[in-house]
Amino acid sequence: MRNFLFFILLVLSHGLTTAQGYSDHAKQTARLQALAKSNPQLAKLRSLVKTAGGKDVWQLTIGTGKVDEKPAIVVVGGVEGNHILGTELAIGFAESVLSGSGTDSIKSLLARTTFYVFPNMSPDATEQYFASLKYERQSNTVATDDDRDGKVNEDGFDDLDGNGKITWMRVESPIGEYRPHPDDPRVMVKADLSKGEKGRYLIFSEGRDNDKDGQFNEDGEGGVNFNKNFTYKHPSFTPGSGEMPVSELENRAMVDYLFERSSVFAILSFGSNNNLSTPISFNPLAVNQTIITGWLEPDTKVNAMVSDLYNKTTGYKDAPKAGPAGGDFFSWGYYHYSRYSFSTPGWWVPKTKPDSTKNEKAFTLDDAGANFLRWAGQQSIPDVFVDWKTIDHPDFPGQKVEVGGIVPYAINTPPYKLVPDIVKKNTMFVLKMADLQPQIDLANIKTEKLTNGLTRITVDVMNKGTIASHSKLGERSYWVKKVNVKLNTTGNQSVVSGKKNQGLNSLEGYSSQTLTWLVKGEGKVTIEAGSPTTGTKTIDVTL
Amino acid sequence: MKREVLLQEPKPLMLHSNQETMKHIINFLVFITLTISALAQNADQLFKAAGSPVNPKVAVSWNRYNDHAGITEILRKIEKAYPGLAKLQSIGKSYKGRDIWCITITDFAKGDPDKKPGMYIDGNIHSNEVQGAEFSLYTAWYLTESFADTKFIQQLLADKVFYIVPTINPDGRDSYFHEPNTASSPRSGVIPIDNDRDGAVDEDGYDDLDGDNEILIMRRKNPNGRYRLDPADPRRMVVVGVDEKGDYEMLGLEGKDNDGDGMVNEDGYTFQYDPNRDWGWGWQPNYIQNGAYKYPFSLPETRAVMEFVMKHPNIAAAQSYHNAGGMILRGPGDPTDQVTYNAADIRVYDAIGKKGEELIPGYRYLVVHKDLYPAYGGELDWFYGGRGVYTYSNELWTPYQFFNKEATRDAQDNSSFTFDRWLLFKDAFVDWHEFDHPQYGKIEIGGFKKNFGRAHPGFLLESDAHRNMSFTIYHGYHTPKLNIDTIMEKDLGNGLKQVTAVVSNSRLMPTHSSQDLKFKIERPDIISLSGVKVVAGMVVDNADLNISTEQKNDPANIQVANIPGLGAVTVRWIMQGSGKYTVTVESRKGGNIVR
C-alpha cells in the first residue's frame, strides 16, 4: 500500500500536462483525444451527446478488460458553468492516472476499478470564460424566457465601461441596502438594519434595463443551467431550471447513461456543493418522512469516513459554507440515483492572516470578497478588481452611478500556476477512495459430510472493502443490484435445504453474512457471489 | 353471416360444362347480392334514433375492443371520410415502434385550428385499461358523423379543437390482448426491468399453465384451507367463518417458480414500471413512488405526449381515461401539493366535476391523494401543475352499471357472478378445471377472464362511451370563449380620442388558471389597437370609479394577465388623430378574435 502511494506521488509530480492556462473546449477536446490515442487499451473516449450549441459533451472511460462489470467511480467537472477549475480537475485526474499506467500500482488499480470521467457537463457555458465579454455563466445556449414575460433574451448584460468584463453597478440612494465594507471600502456588503447600520447604495449587475420593465439583465443569452435541471427539489419555473426536470440534452444523456451502469458505487462531482470538508450529519426527522431530505444513518457514516480521508489527503480547511439549491446534480446522485454522492469545489481561497508589514489588520466583518482581495494582494495576483468609476446611466437620470467590483471568475478560479498541485491533491483523494471500494469474498468455507451422501456447506459471504456494497438507500431502489449468491449444481445433485438463488441486502464494509446449504449428491458444486458494485467471486466445493 | 366469410374472394370461374358454368354464375350473383345487402342497408330502411348517427360513413361496432392495428384502421377511415373535420398524425413512436396516433377534430374551414382553445383527450396509459381508446374513438367518430345534423356540434367545432389520442401505450395494449394476462395486468409498458434486483430480467412472470391466454387463479383442496364453495354459485369461493374448517386454499395467480429462488411470479413482463408516474410535476423516484422509471418523460410514449402538449399551448383542458371504479378524478396526487390547487380553480373543477356526476350516474367526482391514494408524478399532475391545464382522469366502468345500483369489485361481492350468469350466459368465467402443477401438485385453475371486471361488457360499452364523451364535450365547451363586447369612443380634445374596449369570456374557465398565473406558465393575453397612432394604454381596473393602471411600454399592445371565467376585462387607449381602427385579442388558451 505504501509503495503504491509512493509511486503515485512520483507519477503525479512528473507526469502532468504542460498546459499553460485553462483549456477552452477545443483544447479540452484535444487533450482528451490525445489521452485516448496514446492509451488505447485503457481509455475510451466518446461523445455522450452534442449540446444545442453544437458542443460535444465528452465522456472518458478508464479501465481494463470488462470495464462495465467492475466497481466504478464517476468523476464529473463542469457541473456549474462558472466553475472552470472543475473541468481542469477532471481532465487532470485522467491525465495523472494514465501517465502512470505503466506502473504496477496503476495496473492493479485499473484491473479492479473503472472510472467514468465526464470532464465538462456545461461546455457552452464555460466558453464564456474565454470569450471577449466575460461574465459568469451557468446556462446553455437554449433560448429561454427567463422572466416569463413572453419575450426571449430581451434584456442581457451590457458592458457599460467597455472593459470586456461584466461586474457591478452601485447607485447612490437613501434607500440603498448596501454599504462599503468597514475594512475594505471597495467591497459592498449588506447593511444590518437591526444593528442600526445604514445603507447607501443600490446594487445591480452591470447593464441597462433594455426592455424597460424595471428589472436589469433578467433575461439574457441562454439558457438552462445543468445544475438546476435535475429531479431532486427541482426549482420549477425559476430562471435556468428548464421547463421541466431533466429537459436538457446533456442532463438526459447523463442520467440515461448512469442508470444503465449498475456498477457505479460512488460519484465525485466538482462544484460549489461540499460534503467532503464537512460530512452530512444524520438527521432522524429528515429521513422519517415519505420524501426523505437527509441521508440514511449508515450512509452518513460512509460520508464521514470519506470526508476524513479528503481532509487528511488535501489538508484543506475553512471551506466556504455551501448548501445545495434545488435541481442540483450532487443531491440527485444520492436521493434519486441512490449512490454515494460526494462533491467539493476542489480548492478555495484560504482564510487570510493580516500581513502586518502591509499594515493589514484582522477583519472586523467576515466577507468572502474582502478575504479574497486581501489574499490576491498577498499573492500579487493582478487584475482582480475593477475600481469604481462614475458613468452616465440613462436609466438613472441625475443619480450617481459607478461601475466596478471583483472581476468575474476571480474568486473561484485560482491562478493557473496553482493548478498542478490542486490536481495532485484531488487525484490522490480519488485513488485513495478507490482503495476503499467494496470487494466481495467467500471465506471460511466448511463442508461437513452427513450420512447418506448429504453434505452441509457453510460459507461466509464477506465484504472485504471499507465501503458498503452499496448505499443503504440503494436497498429501496430497483436500479441498485443486491449481492446475489447462487449455488450451481450439476447432474444428479440436489439442494435439500437452503436457497439455490438468493439476494442479500447491503453488506457493510468489513462485514459478512453466513450462509448454509444441505446438498445431496457427489462431485463438485460452485458457489458464486457478488454484484456489479462488489465484483464477483466463485469457488468450487467438493461434496 | 360472419363478416370474414363475406370478404373472402369468390372462386374464379373456370371453363366447365354449360350447366356447371350456369351454376357458378348463379352462385356468384347470389353471393354478390347478399354481400351488398349485408354491407350497407338501404338508407330508406333506416330511421334515426335520437342522438345517434343514423347512417354513418364509417361503420364501427362499439360493442368490442380493438388492438393497435384495429385502432389505426378506424382512425384512417374517419380521416378519409371527413377531410374537412379530421386530420390524423403520428405524434411519436412507442418503445417497440408503434405509432402514437392523434386525430385532430375541428372545423378546419373556420379559423386556424392550433389557435383555437384546445381539448386534449387520451386513453389507455395503463396497458390493461383499454376502453379509454374505444371511448376516444367514439368521440372522434360521433363528432364527425353528427356534424352535418347537429347545430351544437357545428358551433363547437368552429370554436374549439379536439386533440384525440386513443392510446398512449400501444405496446402494452397489444400485449394485454394478445398475451396471457389478468384484468389488472400488465399495468406497465414493455421495457424490461429487473424488479427483484437479482441481475436477471423478467425471469419469473405469470405462467399460462393451461394455455388459454388468460392468467386465472389457482386453488387446491386442503382441509386446512380457509375457503369453501358458495352453494348458490359453485364458481365463487367464499371465506369460511372464523371458527369453521374450510375445503380449499387459494394459491394465487397462475404461475410457478421459474428461477428456483423460492418466489413465484416476482419478476415478469407484467410488472415493469408505471407510465403514469413518469410526468414532470412532483416526480419522485421509485423507492418513494413505486413504478417510477428514470426521470420525467424518460419513456418514449410519455415524452411524445409531452412534446405534443408543449407545441400546442392552446390546450386549455384535458382528459386522460383510465379504468376502473367509476370516478372523475382531479389532482393533487401528491398530498404535499395541495397548495397548487387554490380556491378559484377548485371552483371551476367542482362545477365541471359535479356536472359529470349528473351525466354519468354511478360515477363520483373525487380527489386523487385524498380519496384514492398518494401518487407522485402522474399525468394529471403535470397537465395541471406543470402547464396550468384543467385536467380530469375518468376511471371508466363501475359495477354500479351491472344493475344500476351500488356494487363493488370485491371478490366476495356476488353481483359479478349474478351478472355473468343471467346477462352474459357465463361467458366471462372460465370454469374450474384440474391441473398438475410442478410445485403445488394437483390443483384447479379457474376465474373471471381478463375482459371482465375492469373492461366493460360489450353491450354496455357504447352507452358509457357516449356519456363520458358528453362529459368531455361539456369540459371542452367550457374552455374560454372570448368576445369583444363593446368598443366606446370619447373625444378628449386636443386631437386625442379615448377608446375603451370590454372583452368578455362567456365560459367557466379563465384564460389562465391560478397555477398558470402563479408561475407565469403561459404569456399574458394581448389586446391590441391597430391602424392608428397610440399615445397611451392602460388596463381599466374599475370603469365606474375610473381606476386604471397604465402600461408605459408598447401601449398599443396591452398585456392582460388573465380574462376570468364568466367575467370581463376592460382596456383603454388614448389615440391621436382619427381613422379606422381594429381591436385584436390574442390569447394562448382563449383564442384570437378581431373587431
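Up top is the structure.
Rules of the game
- Residues numbered from 1 in each chain as written.
- Chains lettered and ligands numbered in written order.
- Predicted model: local features only at pLDDT ≥ 70, side-chain atom pairs only at ≥ 80, totals over all residues.
- Heavy atoms only, no water.
- Helix = DSSP H or I, 4+ residues; strand = E, 2+ residues; numbered from the N terminus.
- Buried < 20%, exposed > 50% of the residue type's maximum accessible area, 1.4 Å probe, protein only.
- Areas by Shrake-Rupley, 256 points an atom, 1.4 Å probe, with all protein chains shown as cover.
- Axes fitted to C-alpha atoms, helices over the stretch in contact; angles between N-to-C directions.
- Parallel < 35°, antiparallel > 145°, perpendicular 65-115°, else oblique.
- Left-handed = near helix turned anticlockwise from the far one by under 90°.
- Contact = heavy atoms within 4.5 Å.
- Nonpolar A, V, L, I, M, F, W, Y, C, P; charged D, E, K, R; others polar.
- Buried area = accessible area lost by both parts, 1.4 Å probe.
- Salt bridge = Lys/Arg side-chain N within 4 Å of Asp/Glu carboxyl O.
- Polar contact = N/O pair within 3.5 Å; in protein donor to acceptor, adjacent residues only side chain to side chain.
- Core = buried A, V, L, I, M, F, W, Y, C linked by side-chain atoms within 4.5 Å.
- Pairing = 2+ DSSP bridges.
- Patch = residues over 30% accessible without salt bridge, like charges linked within 9 Å, V, L, I, M, F, W, Y side chains within 5 Å.
- Phe/Tyr/Trp six-rings, centres within 6.5 Å; stacked < 30°, edge-to-face > 60°.
- Lys NZ or Arg CZ within 6 Å of the ring centre and 35° of its normal.

**As for the overall build of chain B**
When helices and strands are tallied, chain B shows 14 helices and 23 strands. Taken along its principal axes, the extent of the C-alpha atoms in chain B is 100 × 80 × 45 Å. Evaluated residue by residue, chain B yields a buried proportion of 55% over its 595 residues. When the accessible surface of chain B is split by element, carbon and sulfur atoms take 53% of a total near 26,200 Å².

**A short note on the packing of helix H4 (residues 131–146) of chain B against helix H13 (residues 458–477) of chain B**
Residue and element names in this part refer to chain B. Two elements in contact, H4 and H13, have axes separated by 9 Å at closest approach and are oriented at 70 degrees. Overall, the two elements H4 and H13 adopt an arrangement that is roughly perpendicular. The two elements H4 and H13 cross, and the hand of that crossing is right-handed. For the pair formed by H4 and H13, the contact residues are Gln131, Glu134, Phe135, Tyr138, Thr139, Tyr142 and Leu143 on the first element and Leu461, Glu462, Asp464, Ala465, His466, Asn468, Met469 and Ile473 on the second. Residues of the contact of H4 with H13, tallied by class, amount to eight nonpolar, four polar and three charged.

**A few points about the interface of chain A and chain B**
Facing the 41 residues of chain A at the interface are 42 residues of chain B. Note on chain A versus chain B: buried area summed over both sides is about 3,400 Å², and carbon and sulfur give 53% of it. Contact with chain B buries area across many residues of chain A, yet Phe237, Met244 and Tyr478 of chain A alone supply 22% of it, more than any other trio. On inspection of chain A and its partner chain B, the count reaches four salt bridges. Between Lys294 of chain B and Glu260 of chain A there is a salt bridge; the shortest N-O distance is 2.9 Å. Across the contact surface, chain A and chain B share 19 residue pairs in polar contact (both at pLDDT 80 or more). Tallying contributions element by element places helix H6 (residues 249–259) of chain A first for the side of chain A that touches chain B, with four residues. Class assignment for the residues of the side of chain A that touches chain B results in 13 nonpolar, twelve polar and 16 charged.

**Observations concerning the nonpolar core**
Counting residues in each nonpolar core, the largest one holds 70 residues, and the members touching the most others are Ile62, Phe115, Phe372 and Phe429 of chain A. If you tally residues by element for this core, the top one is helix H3 (residues 84–99) of chain A, at nine residues. Those residues in contact with Phe429 of chain A, other than ones at most four positions away along the chain, are Leu268, Leu276, Val306, Leu309, Tyr310 and Thr313 of chain A. With 52 residues, the next largest nonpolar core counts Ile105, Leu156, Met469 and Leu508 of chain B among its residues.

**Topic: the sheet that holds strand E15 (residues 483–488) of chain A**
Two pairing modes exist for strands in a sheet, parallel and antiparallel, and in both the strands are linked by backbone hydrogen bonds. All names here are of chain A. Judged by pairing direction, the sheet is antiparallel, and its four strands sit side by side in the order E17-E15-E19-E20 without closing on themselves. Two strands close off the open sheet at either side, each with one partner strand: strand E17 (501–504) and strand E20 (535–542). On average, adjacent strands in this sheet sit at an angle of 15 degrees to one another, irrespective of strand direction.

**Overview of a nonpolar patch on the surface**
All names here are of chain B. Taken together, the side chains of Met22, Ile25, Ile26 and Leu29 present a nonpolar region at the surface, about 360 Å² in accessible area. Position of Leu29 relative to the elements: it lies in helix H2 (residues 18–39). Given a relative accessible area of 52%, Leu29 falls into the exposed group.

**Some words on the sheet that holds strand E16 (residues 494–497) of chain A**
Residues and elements named next belong to chain A. Sheet architecture is open: four strands sit in the order E13-E14-E18-E16, paired in antiparallel fashion. In this open sheet, the two strands that pair with only one neighbour each are strand E13 (440–450) and E16. Sheet twist, expressed as the mean angle between neighbouring strand axes with direction ignored, is 35 degrees. As paired elements, E16 and strand E18 (residues 511–520) share three bridges and run antiparallel to each other. Bridge assignment links Ser497 to a residue of E18, and that residue is Leu518.

**Comments concerning the pairing of strand E15 (residues 482–493) of chain B**
Residues and elements named next belong to chain B. Direction of pairing for E15 relative to strand E16 (residues 496–505): antiparallel, over a ladder of ten bridges. Residue pairing for E16: Asp491 is matched across the bridge by Lys497. If you look at the hairpin formed by E15 and E16, you'll find two residues sitting between the two strands, and Asn494 has a positive phi there, around 60 degrees.

**Let's talk about helix H10 (residues 368–378) of chain A**
All names here are of chain A. Here H10 lies mainly inside the structure; eight of its eleven residues are buried. For H10, the full list of buried residues reads Gly369, Ala370, Asn371, Phe372, Leu373, Arg374, Trp375 and Ala376. Buried residues in H10 make contact with strand E11 (385–391) and strand E12 (401–406). Sitting at the amino-terminal end of H10 is Asp367, which places a side-chain oxygen 2.9 Å from the backbone nitrogen of Gly369. Once H10 finishes, Ser380 follows within two positions and takes phi at roughly 55 degrees, a positive value.

**Considerations on the side chain of Ser139 of chain A**
Locating Ser139 of chain A in the fold gives a position in the loop between helix H5 (123–126) and strand E5 (168–172). Once you skip the residues sitting within four places of it in the chain, Ser139 of chain A turns out to touch Ala125, Glu221, Gly222, Gly223, Val224 and Asn225 of chain A.

**Some remarks on the pattern of salt bridges**
All told, the structure shown has 45 salt bridges over all chains when counted by the stated rule. Here Asp112 of chain B ties to Lys115 of chain B by a salt bridge, and the two come within 3.7 Å at their closest N and O atoms. Owing to a relative accessible area of 42%, Asp112 of chain B belongs among the partly exposed residues under this scheme. Among the charged side chains, a network of salt bridges with common partners joins Arg148 and Glu243 of chain A together with Arg387, Glu522 and Arg588 of chain B.

**Here we look at the packing of aromatic side chains**
Under the definition given, this model contains 69 aromatic pairs over all chains. Here Tyr129 of chain A and Phe130 of chain A contribute two aromatic rings whose centre-to-centre distance is 5.0 Å and whose plane-to-plane angle is 85 degrees, an arrangement assigned as edge-to-face. Accessibility expressed as a relative area gives 30% for Phe130 of chain A, which makes it partly exposed. Measuring from ring centre to ring centre gives 6.5 Å for Tyr65 of chain B and Phe177 of chain B, while their planes differ by 35 degrees; the resulting arrangement is tilted. In this pair, Tyr65 of chain B sits in the loop between H2 and helix H3 (68–81) while Phe177 of chain B sits in helix H6 (residues 170–178), placing the two residues 112 residues apart along the sequence. Tyr65 of chain B sits in the partly exposed class, given a relative accessible area of 22%. An aromatic cluster is built from Phe226, Phe230, Phe259, Phe329, Trp332, Tyr337, Tyr478 and Trp479 of chain A together with Tyr273 and Tyr293 of chain B, whose rings are joined through pairwise contacts. It is Arg219 of chain B that lies over the ring of Tyr248 of chain B; its NZ or CZ is 4.4 Å from the centre. One residue, Arg330 of chain B, lies across the ring of Tyr349 of chain B, its end atom 6.0 Å from the ring centre.

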